[in-house]
Each structure stands twice: as structure tokens, then as C-alpha cells.
Amino acid sequence: MVLTLLKAKPERKLAKQICKVVLDHFEKQYSKELGDAWNTVRDILTAPSCWQYAVLLNRFNYPFELEKDLHLKGYHSLLQGSLPYYPKSMKCYLSRTPHRMPSERHQIGNLKKYYLLNAASLLPVLALELRDGEKVLDLCAAPGGKSLALLQCAYPGYLHCNEYDSLRLRWLRQTLESFIPQPLVNVIKVSELDGREMGDAQPETFDKVLVDAPCSNDRSWLFSSDSQKAACRISQRRNLPLLQMELLRSAIKALRPGGLLVYSTCTLSKAENQDVISEVLNSYSNIMPVDIKEMARTCSRDFTFAPTGQECGLLVIPDKGKAWGPMYVAKLKKSWTT
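Residues numbered from 1 in each chain as written. Predicted model: local features only at pLDDT ≥ 70, side-chain atom pairs only at ≥ 80, totals over all residues. Heavy atoms only, no water.

Colleague: What am I meant to see in the overall build of the protein chain here?
Modeller: Scanning the protein chain for helices and strands turns up 14 helices and 13 strands. Split into buried and exposed, the 338 residues of the protein chain put 57% on the buried side. Within the protein chain, contacts between residues at least 6 apart in sequence are counted, and of these 75% link residues at least 24 apart. Accessible surface, the protein chain as shown: approximately 14900 Å² in total, 52% of it carbon and sulfur. For the protein chain, the centre of its 45 positive side-chain charges and the centre of its 35 negative side-chain charges are spaced 4 Å apart. (Helix = DSSP H or I, 4+ residues; strand = E, 2+ residues; numbered from the N terminus. Buried < 20%, exposed > 50% of the residue type's maximum accessible area, 1.4 Å probe, protein only. Contact = heavy atoms within 4.5 Å. Areas by Shrake-Rupley, 256 points an atom, 1.4 Å probe, with all protein chains shown as cover. Lys, Arg positive; Asp, Glu negative; His and termini not counted. Charge placed at Lys NZ, Arg CZ, Asp CG, Glu CD.)

This is the structure we're talking about:
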């Protein structure tokens, strides 16, 4: 899910807020899965003063003056022109330092000019290769950052934003209201359906489907304030791959033959990433992996990637000066034959 992070407090104070139960659990798992890279990842994830913030400009209320100011402050644009399907209409600026823009307040009737996010969150959106007029489903859409980014890329014929959690659904609605002009709202549907039922409700409807699945959100879990709740989360963590698989089954049903599906999480966990995608590929003869390695090569200036062992999957890991992620992205295609 997209992270709009709170302003970093002095590290000395934040160190007390790290949840030891979660850190110990991650230490055991990720030191095995990531090897030596885990040491750097851990240092960044546990130090919010190192976190970086990307600025996604809103093309529906374009901030020309802000764009000039970002250039003067040393920000650079993400991937501009380097991917064959990078849309010129999407402008996102990154800084190599943890400088953070102030957030804009929500005002009814006024569109916001920019959205703060973890830059790695844009990779699943770019992987979808959205084009004007296409029907697209964002199955687990709250808080709305990826839906917003999709609308910076193209004008879909129909965008269905679904969110099962009622509190997060309100957040999603507010994000869309804050950034998207009224005429475009007419091509957007917001629903509160259990994502596992979407495939039966709308079979073979969508050209593109994004499944930004509920996951072990590594960044936020590390700062769980309630250690009992954290322990409960960890014990329930083993159930997440089953939920993720059920969401993918539903997404595959909702996708038309020839359509693209992108799966993403904001966890490092192999069980929720590569293993889920391997199970999908082993279970469906009509779902094909789409090679995504070119994206990793193109993005290496701004992101650090860990090996996934999959041509269709990328894993962004936080690194010094590139504190983006965690973000896993996998790209699949539904073939015409079953």
C-alpha cells in the first residue's frame, strides 16, 4: 500500500518506539531471505529520519511554480523517458536526501497539487502500462495513491476502485475527491466489495487489474505501539498468503483474456511475494509471467533491487540514499486459451 509517512522525529526518541517483538521476528526471517543486505535494510527501516519522500505532481491542478522550486532544491524526475511505456503526463520528483515537503490540507472544492509517497509505489502502476480508454480495476485501492497515479498516466474508459475496509474506504474517497476533477469522477466507480468476490461479480471485464494486496506492512509493523497486538499480527501473518492467493484468483476471473495483472505488496516476505506468484503460475495454465527485468535495469539509478529468482517479479529494498520500498511487483498476462 502507498505510504504517506509522518514527519520524522529525532531518531533518539523514535528508537524507543521500535517494536522488539516485530524486529526479532523480521530479523530471523529476513536475515535468511536477504542475507547480508538485511543489515542495511534493517538500519533504514528502523530509522525514519533516513526515509525519503517522492512528490507526485497532480496533472489536474499542475503546480508549475512548485516544479521549478523542486528543480532548484536538487530534486530529479523519476525515470522520465527511460521506459518505453513511461507516460509523459506522470511527473514524480525525488530527492536523494530525506527532505520532506509539507502535506497539503484537504479542502472541499480545491484540488491538491501534489501527493507524497514512497516512490517504489509507482512501479506497480507503471508495470500496468495503462492506456487511454482501458477498463482498469484497483482491487485493494485504499488509501488511493495508486489509483491517483493511474489517473496521472492515462484517461481510462472506466476505473473501478474497490476497498473492503470501511475506514480505509473513506480515506480512498477523500484522496480521489482531493485530486480528481468532477468530470473524471464520472468514469470512476468506488465499491466496498470483498475483493475475493469481484471475479464472480464482474467476470472478464477489465483490461488491466492491480492487486496491491493486504500484507505484512514491514515499515509500519516495526513501529507497532502495542506489543500484544504486534504479537497477534505476527501469529496471523501465516494466513496472509492464503488471502493474497484468493484475491489473485478473483482478479484473474475479473481480467479479460489478453489483459495484464500486476500484483504488489509492501513487504519483503518471500511467502507473500514470490511464493504466492509461483503458486498462481503453477495453478493456472492460462496465466503467463511477463518479463519485468528491463524495469529493474532502467530503474537502478533510483532503486535497489534484491534478487527474486523470477523474471516476472521485482523486489525493491531500502538502501542508503535510495530508501524506497519494500515493494514487490509481479506482472502476469492472461492468455486467450484456458
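Back to the write-up after that little detour.
Colleague: Could you clarify how one ought to interpret the pairing of strand 1 (residues 54-57) in this entry?
Modeller: In strand 1, alternate side chains face the same way, and those of Ala 54 and Leu 56 on one face and Val 55 and Leu 57 on the other are all buried. In this sheet, strand 3 (residues 92-94) lies alongside strand 1 in antiparallel orientation, the contact comprising two bridges. Each residue of the ladder has a partner; that of Leu 56, found in strand 3, is Cys 92. (Pairing = 2+ DSSP bridges.)

Colleague: Can you walk me through the nonpolar core in this structure?
Modeller: One finds Leu 56, Leu 123, Ile 180, Met 295 and Phe 303 to be the most contacted residues of the largest nonpolar core, which totals 53 residues. Here Met 295 is in contact with Leu 83, Tyr 85, Leu 123, Leu 126, Ala 127 and Leu 314, once residues within four sequence places are set aside. Leu 45, Trp 51, Phe 223 and Tyr 328 belong to the second largest nonpolar core, which has 48 residues in total. (Core = buried A, V, L, I, M, F, W, Y, C linked by side-chain atoms within 4.5 Å.)

Colleague: Got a minute to help me understand the packing of aromatic side chains in this structure?
Modeller: How two aromatic rings sit relative to each other is set out by the distance from centre to centre and by the angle between their planes. For the coordinates displayed, the defined rule picks out nine aromatic pairs. Pairing Trp 51 with Phe 223 gives two aromatic rings, centres 6.0 Å apart and planes at 85°, and the pair type is edge-to-face. Residue Trp 51 is located in the loop between helix 3 (37-45) and strand 1, and its partner Phe 223 is located in the loop between helix 10 (218-221) and helix 11 (227-236); the two are separated by 172 residues in the primary sequence. Accessibility assignment for this pair places Trp 51 and Phe 223 in one class, buried. Three or more aromatic residues joined by ring pairs form one cluster here, namely Phe 26, Tyr 30 and Trp 38. One Lys or Arg, Arg 59, reaches over the ring of Tyr 155 and ends 4.1 Å from the middle of that ring. Between the NZ or CZ atom of Arg 219 and the centre of the ring of Trp 51, over which it lies, the distance is 4.6 Å. (Phe/Tyr/Trp six-rings, centres within 6.5 Å; stacked < 30°, edge-to-face > 60°. Lys NZ or Arg CZ within 6 Å of the ring centre and 35° of its normal.)

Taken by themselves, the reported measurements are silent on function.
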